Amino acid sequence: MTSPDPAGTRTGARLTQTATLAEIAREAGVSAPTVSKVLNGRADVAPATRTRVEELLRAHGYRRRRAEATRSPLIDLVFHELESAWAMEVIRGVENVARDAGLSVVLSESAGRPTPGRTWADQVAARRPHGVVLVLSGLDESQRALLTSRSIPFVVMDPAGDPGADVPSIGATNWQGGLAATRHLVELGHRRIGAISGPPQIMCSRARIDGYRAALETAGLPVDPALIKTGDFRHETGHRLARELLGRPDRPTAVFAGNDLQALGCYEAARELGLRIPEDVSVVGFDDLPVARWVGPPLTTVRQPLTEMAEAAARLVLELGRPTSEEAQAATRVELATSLVVRTSTAPPPTEGTGSAGA
């Protein structure tokens, strides 16, 4: 029997791949070099052509081998919106991990959209970063397929919706945080507790307000829909909604805000209405941004470990890029613990007749 020729085996493997690419090129109506450009993430391919070739590559089950990809020394960090101190804590965490790994961070924003635009995905494919961290954002099916075909791992931090069981994600115990914040106010003696939530379509926002409801129900207190306002995590909205709550004849004696920025909006509304914090109204936030310690009075808030969450997301995305790591492949959902930080913006409610003149 003649032993197999190793060189012939290698040639056969090359011919099989070449035939597959040639077939894809014929079906797409393009040249084989164009298919090669798409596979290699080259930017000089028309978007419509790239989409057509990508669809055929997926249909044929073609997937780049990891060894084929030459990665750039980058981590892509994508924000839903990039405009607050909250984002700075996340950037710091990703930068910490990137710096230790000898990598740089590329920042982009989806301008409030639930997923980045198609152009972004093409740019990432061309850059070939070590991985992508998405914050309060996600990917559509075509974007996921594109990154997967390039062996570019991705992790979602604080996912807006359910990312799916197969999408690695890093979050925090938001329900427990909402429960702890509201339970703290109940234990101080408050019975009418208002709430200003974040956007209802964002998962962490819903979890925090669900924790608020659970704390009231556990304490045997009614959940009054009139005391729950839907916000958007912005200071201006917190100010406007707090004025509505605190301007009521039967105003709440405490407010749980879905994040620190809205809590600071409550501070402004209370000042305008002549109410003192915490003598007339207690306020609790969520995040524990640095500014929470600086305002007067310092803000009681739920600490969300943003920098640690971002570090965990960056470490996970780098670990996912190592195909031998079974631990990373199994880590599809990680939640870091929140904790209540009690400062001086909360106190027992005023007794009857002791409210300020402006109340």
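Residues numbered from 1 in each chain as written. Predicted model: local features only at pLDDT ≥ 70, side-chain atom pairs only at ≥ 80, totals over all residues. Heavy atoms only, no water.

Helices and strands together make up the secondary structure of the chain, namely 13 helices and 12 strands. The 359 residues of the chain split such that 51% are buried. At a minimum sequence separation of 6, the contacts of the chain that also span at least 24 residues come to 73%. For the chain, the accessible surface area stands at approximately 16200 Å², while carbon and sulfur atoms represent 54% of it. (Helix = DSSP H or I, 4+ residues; strand = E, 2+ residues; numbered from the N terminus. Buried < 20%, exposed > 50% of the residue type's maximum accessible area, 1.4 Å probe, protein only. Contact = heavy atoms within 4.5 Å. Areas by Shrake-Rupley, 256 points an atom, 1.4 Å probe, with all protein chains shown as cover.)

Scored by pLDDT, the chain has a mean of 84; 85% of the residues are at 70 or more. Low pLDDT (under 50) marks residues 1-19, which in the prediction has three contacts with non-local residues, meaning those over four places away or in another chain. Throughout residues 354-359 the model reports pLDDT below 50, and contacts reaching past four residues in sequence, or to other chains, amount to 12 contacts. (pLDDT = per-residue confidence, 0-100.)

Another aspect to go through is the pairing of strand β5 (residues 169-172). Burial of the side chains of β5 extends over both faces: Ser169 and Gly171 are buried on one face and Ile170 and Ala172 on the other. When strand β4 (residues 154-157) meets β5, the two strands line up parallel, connected through two bridges. The residue bridging methionine 157 from the neighbouring strand is isoleucine 170, located in β5. With four bridges joining them, β5 and strand β11 (residues 333-336) adopt parallel strand pairing. Counterpart to alanine 172 in the pairing with β11 is leucine 336. (Pairing = 2+ DSSP bridges.)

This part is about the sheet that holds strand β3 (residues 131-135). Spatially, six strands are ordered β2-β1-β3-β4-β5-β11 in an open sheet, and the strand pairing comes out parallel. The open sheet is flanked by β2 (104-109) and β11, the only strands paired with a single partner. Direction aside, neighbouring strands of the sheet carry axes that sit 20° apart on average. Pairing analysis gives four bridges linking β3 to β4, with the strands arranged parallel. Paired with valine 132 across the bridge in β4 is phenylalanine 154. The strands touched by helix α4 (residues 85-100) within the sheet are β1 (74-79), β2, β3 and β4, with β1 carrying the most contacts at an inclination of about 165°. The strands touched by helix α12 (residues 306-320) are β1, β3, β4, β5 and β11; relative to β4, the strand with the most contacts, the crossing angle is about 165°. (Axes fitted to C-alpha atoms, helices over the stretch in contact; angles between N-to-C directions.)

In the structure shown here, the tally under the stated rule is two cavities of 30 Å³ or more. Taken together, Ala195, Ile196, Ser197, Gly198, Ser205, Arg208, Ile209, Phe233, Phe256 and Gly258 form the lining of the largest cavity. Looking at side-chain class alone, the lining of the largest cavity contains five nonpolar, four polar and one charged residues. (1 Å grid on protein atoms, 1.4 Å probe; cavity = no way out; pocket = protein on both sides within 12 Å on 5 of 7 lines; lining within 4 Å. Points joined across faces, edges and corners; volume = space filled by probe spheres on them. Nonpolar A, V, L, I, M, F, W, Y, C, P; charged D, E, K, R; others polar.)

The strand order β7-β6-β8-β9-β10-β12 describes an open sheet built from six strands, whose pairing is mixed. Lying at the two open borders of the sheet, with one neighbouring strand each, are β7 (228-230) and β12 (339-341). Looking at each pair of strands side by side, their axes are set apart by 20° on average, direction ignored. As judged from the four bridges shared by strand β9 (residues 282-287) and strand β10 (residues 300-303), these two strands associate in the parallel manner.

This part takes up the pattern of salt bridges. Once the charged atoms of two side chains with opposite charge are near each other, the side chains can pair. Tallying each qualifying case throughout the model produces 16 salt bridges. Here arginine 92 and glutamate 89 are joined by a salt bridge, their closest N and O atoms 2.7 Å apart. Of this pair, arginine 92 and glutamate 89 both sit in helix α4, three residues apart, roughly one helical turn. Across the salt bridge formed by aspartate 250 and arginine 192, the nearest N and O atoms sit 3.3 Å from each other. You can see aspartate 250 sitting in the loop between α9 (235-246) and β8 (254-257) and its partner arginine 192 sitting in the loop between α7 (174-187) and β6 (193-197), a full 58 residues away along the chain. Look at arginine 192 and you get partly exposed, because its relative accessible area is 28%. Overlapping salt bridges bring together Arg192, Asp224, Arg248 and Asp250 as one network. (Salt bridge = Lys/Arg side-chain N within 4 Å of Asp/Glu carboxyl O.)

Taken as a whole, the largest pocket encloses approximately 520 Å³ of empty space. Lining the largest pocket are 26 residues, and of these His80, Glu81, Leu136, Asp232 and Phe233 lie nearest its centre. For the lining of the largest pocket, the elements supplying multiple residues, two or more each, are α8 (203-218) and α9.

Further remarks concern the packing of α7 against α8. In contact at an axis separation of 7 Å, α7 and α8 are set at 35° when each is read in the N-to-C sense. You can see that α7 and α8 cross each other, and the crossing is right-handed. Across the interface between the two elements, Asn174, Trp175, Gly178, Leu179, Thr182, Arg183 and Val186 of α7 pack against Cys204, Ala207, Arg208, Asp210, Gly211, Tyr212, Ala214, Ala215 and Leu216 of α8. The class makeup of the residues in the contact of α7 with α8 is nine nonpolar, four polar and three charged. (Left-handed = near helix turned anticlockwise from the far one by under 90°.)

Further remarks concern α8. Along its 16 residues, α8 runs 22 Å from first to last C-alpha, staying within 8% of the 22 Å computed at 1.5 Å per residue. What α8 keeps buried is the set Cys204, Ser205, Ala207, Arg208, Ile209, Gly211, Tyr212, Ala214, Ala215 and Leu216. Within two residues after α8, glycine 220 carries a phi angle of roughly 75°, on the positive side. (Expected span 1.5 Å × (residues − 1).)

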